[in-house]
Structures are given as C-alpha cells and as structure tokens.
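Summary of the model geometry
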Amino acid sequence: MPFIGTFFSWLAPTLTLWFVQFFGRKLLVVTTSIATFIFLTAALIVCIKHLVLTLLALAILPAWVSAGIGVFLPGNFATVLSTIIGAKSCRWAYDKAMEKMRLVNSAS
C-alpha cells in the first residue's frame, strides 16, 4: 500500500507539470503568432497608406516639364511608378516577415 501511495504522489505532480508545460507552450506560440500576424498586417497597411499619401502629395509637376514629357509619358508616370515600387517593397517585407513567423512556428 505505501508503494501505491508513493507512486501516485509522484505521478500526479509529474503529469500535471507535463500538461502545463505542453499546453502552455502551445498557447504561448499561438498567441504570439496571432499578435505577430496582426502587427505585420497593420504595418503593411500603414506602409502602403504612407507611400500613397506621400507620393500623391509630390505629384505636382511644373507645366514646362509636363508639356515636354507629356508627349511620351503621362504626367503622373513617376508617381505611379514610385507607388508601385514602394507597394511591392512593402509587400516583399510583409511576405518575408510572415515566412519567418511560419518558420518559427513550425520549429516548435
């Protein structure tokens, strides 16, 4: 009888500790993943919004530049090209951050 009592007094805390460590780690990883995803998505939206607002504010060209270049290119060509490149840069950074987050999550 003392052997069974000793065994169960050893088993209960050990199993409880294992469950807490296992599920606690999983819960921590899931919570961190969700928070990171929300932060990265918000950063992407802020980046795109900043690029669009900044570049559209600089879209005014003098008349003589528009007249010369406007024969071959539209007046807002530089602005549109800059916005496209900036948006692709933001998207690239977002994709790399999400890939890194996936790698960290799959490691555990």
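The model shown is predicted, which means the values in this text are computed figures rather than measured ones. (Residues numbered from 1 in each chain as written. Predicted model: local features only at pLDDT ≥ 70, side-chain atom pairs only at ≥ 80, totals over all residues. Heavy atoms only, no water.)

**Thoughts on helix H3 (residues 77-107)**
Counted at 1.5 Å a residue, the expected span for H3 with its 31 residues is 45 Å, and the 45 Å between its end C-alpha atoms agrees. Among the residues of H3, Thr79, Thr83, Gly86, Cys90, Tyr94, Met98 and Met101 are the ones counted as buried. (Helix = DSSP H or I, 4+ residues; strand = E, 2+ residues; numbered from the N terminus. Expected span 1.5 Å × (residues − 1). Buried < 20%, exposed > 50% of the residue type's maximum accessible area, 1.4 Å probe, protein only.)

**Overview of the environment of Val52**
As for its position among the elements, Val52 is in helix H1 (residues 2-57). Once the C-alpha coordinates of Val52 and Thr83 are considered, the two residues, 31 residues apart in sequence, prove to be 6.3 Å apart.

**Side note on the nonpolar core**
Listed in full, the six residues of the largest apolar core are Leu40, Leu44, Cys90, Tyr94, Met98 and Met101. Where this core is concerned, the elements lending two or more residues are H1 and H3. With four residues, the top contributor of residues to this core is H3. Aside from chain neighbours lying at most four places away, what touches Met98 is Phe37 and Leu40. (Core = buried A, V, L, I, M, F, W, Y, C linked by side-chain atoms within 4.5 Å. Contact = heavy atoms within 4.5 Å.)

**Topic: a nonpolar patch on the surface**
Taken together, the side chains of Val71, Phe72, Leu73, Phe77, Leu81 and Ile85 present a nonpolar region at the surface, about 610 Å² in accessible area. Of note, Ile85 is situated in helix H3. (Patch = residues over 30% accessible without salt bridge, like charges linked within 9 Å, V, L, I, M, F, W, Y side chains within 5 Å. Areas by Shrake-Rupley, 256 points an atom, 1.4 Å probe, with all protein chains shown as cover. Salt bridge = Lys/Arg side-chain N within 4 Å of Asp/Glu carboxyl O.)

**Re the side chain of Ser33**
Structurally, the position occupied by Ser33 is in helix H1. Residues within four places of Ser33 in sequence aside, it is in contact with Met101 and Asn105.

**Observations concerning the pattern of salt bridges**
Summed over the entire model, instances satisfying the criterion amount to two salt bridges. The partner of Arg91 in a salt bridge is Asp95, with the nearest N and O atoms 3.0 Å apart. Taken as a pair, Arg91 and Asp95 lie in helix H3 at a separation of four residues, close to a single helical turn. Residue classification places Asp95 among the partly exposed residues on the basis of a relative accessible area of 33%. Notably, a salt bridge pairs Glu99 with Lys96, separated by 3.6 Å at the nearest N-O pair.

**So, the state of the cysteines**
In the structure shown here, the tally under the stated rule is one disulfide. Bridging Cys47 to Cys90, the disulfide has an S-S length of 1.8 Å. With Cys47 in helix H1 and Cys90 in helix H3, this pair connects stretches of sequence that are 43 residues apart. You can call Cys47 partly exposed: its relative accessible area is 28%. According to the relative accessible area criterion, Cys90 is buried, its value standing at 8%. (Disulfide = S-S within 2.5 Å.)

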